[in-house]
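# Results of the structural survey
Here is how the chains run, residue by residue.
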Amino acid sequence: MELIGSSYSGGTKDGRMDGKGEYTFPTATKYEGEVKDGMFHGKGVLHFPNGSKYEATWENGKAKQGSFTFADGLQYQETDWDYCDGYDRRFYSERCNGLRPAGESQLTDRHPPRVIPDGCYDCGDGFYDPNTRVVTSHTGRFLRNAHDSEHEWIVRTCRKAWDEVVAIDL
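Residues numbered from 1 in each chain as written. Predicted model: local features only at pLDDT ≥ 70, side-chain atom pairs only at ≥ 80, totals over all residues. Heavy atoms only, no water.

### Things to note about the overall build of the protein chain
- In terms of helices and strands, the protein chain carries two helices and eleven strands.
- Going from N to C terminus, the protein chain has its helices and strands arranged as β-β-β-β-β-β-α-β-β-β-β-α-β.
- Taken over C-alpha atoms, the radius of gyration comes to 20 Å for the protein chain, far larger than the 15 Å a tight globule of 170 residues would show.
- Looking at the protein chain as a whole, 26% of its 170 residues qualify as buried.
- The long-range fraction of contacts in the protein chain, counting pairs at least 24 apart against all pairs at least 6 apart in sequence, stands at 13%.
- On the protein chain, roughly 11,900 Å² of surface is accessible, and the fraction owed to carbon and sulfur atoms is 51%. (Helix = DSSP H or I, 4+ residues; strand = E, 2+ residues; numbered from the N terminus. Rg over C-alpha atoms; globule rule 2.2 N^0.38 Å. Buried < 20%, exposed > 50% of the residue type's maximum accessible area, 1.4 Å probe, protein only. Contact = heavy atoms within 4.5 Å. Areas by Shrake-Rupley, 256 points an atom, 1.4 Å probe, with all protein chains shown as cover.)

Have a look at this one:
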């Protein structure tokens, strides 16, 4: 496991993960829970680096039933989902805490929003540099290289750091 950047601590049987344990992926995603015969099996939680989590019942490495919770506490609902639809575009924090006063609108769910490095975009799970086509975490850790369709989506839809003059004081 160490060769591919993952690690495991917990029970083993015949040299395989078995019982309760914690498996960490090279991406820093962690699984905590029951394992059997080297696979996720039973109750377990995937904790993602951005703070979100997926709690599920696993069977032979596959999630059979589970629930996803975003980093801000919003729980995904497969049916009757009314968050960020065409009728209500508020951020989850605005739904929980109310709207900010006029003139102090929120640009992101986080207030104040993260400062984006010059020339980069905030793509949700990190910052994207269109020159290198690399996404790094908000703390600077490498996450991935963006493929063409992701690059186009980020440049078209995500918040960008100001890198051009918008006014000149005379």
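### Some thoughts on the side chain of Ser6
- Following the sequence through the fold, Ser6 ends up in the segment before β1 (7–13).
- Judged by its relative accessible area of 3%, Ser6 falls in the buried class.
- For Ser6, the side chain forms a polar contact with the side chain of Tyr23, separated by 3.0 Å. (Polar contact = N/O pair within 3.5 Å; in protein donor to acceptor, adjacent residues only side chain to side chain.)

### Here we look at the pairing of strand β10 (residues 142–145)
- Two strands pair when backbone bridges link them, and strand β9 (residues 134–136) and β10 are joined in this way by three bridges, in the antiparallel orientation. Across the sheet, the residue bridging to Thr136 is Phe142, located in β10.
- Where β9 hands over to β10, the hairpin turn is made up of five residues, of which Gly140 adopts a positive phi near 100 degrees. (Pairing = 2+ DSSP bridges.)

### Considering unusual backbone geometry
- Here the phi dihedral of Ala28 falls at roughly 80 degrees; this positive angle occurs in a residue that is not glycine.
- As for its position among the elements, Ala28 is in the loop between β2 (16–24) and β3 (30–36).
- Overall, the relative accessible area of 34% leaves Ala28 in the partly exposed class.
- A positive phi angle, near 50 degrees, is found at Asn60, a position not held by glycine.
- Turning to its location among the elements, Asn60 is positioned in the loop between β5 (53–59) and β6 (62–69).

### Concerning the sheet that holds β3
- Across the sheet, six strands lie side by side as β1-β2-β3-β4-β5-β6; this open sheet has antiparallel pairing. Of all strands in the sheet, those with a lone pairing partner are β1 and β6, marking the two edges. If you compare each strand with its neighbour and ignore which way they point, the axes differ by 10 degrees on average.
- As judged from the six bridges shared by β1 and β2, these two strands associate in the antiparallel manner. (Axes fitted to C-alpha atoms, helices over the stretch in contact; angles between N-to-C directions.)

### Observations concerning the sheet that holds β9
- Taken together, five strands build an open sheet; the order of strands is β10-β9-β8-β7-β11 and the sheet is antiparallel. In the strand order of this sheet, the two ends are held by β10 and β11 (159–160), each with one partner.
- Where strand β7 (residues 121–122) lies against β11, two bridges are found, and the strand directions are antiparallel. Counted as the bridge partner of Tyr121 is Lys160 from β11.

### Re the confidence of the model for the protein chain
- The pLDDT averaged across the protein chain works out to 87; a share of 91% of its residues lies at or above 70.
- Per-element mean pLDDT across the protein chain ranges from 78 in helix α1 (residues 92–97) up to 97 in β3. (pLDDT = per-residue confidence, 0-100.)

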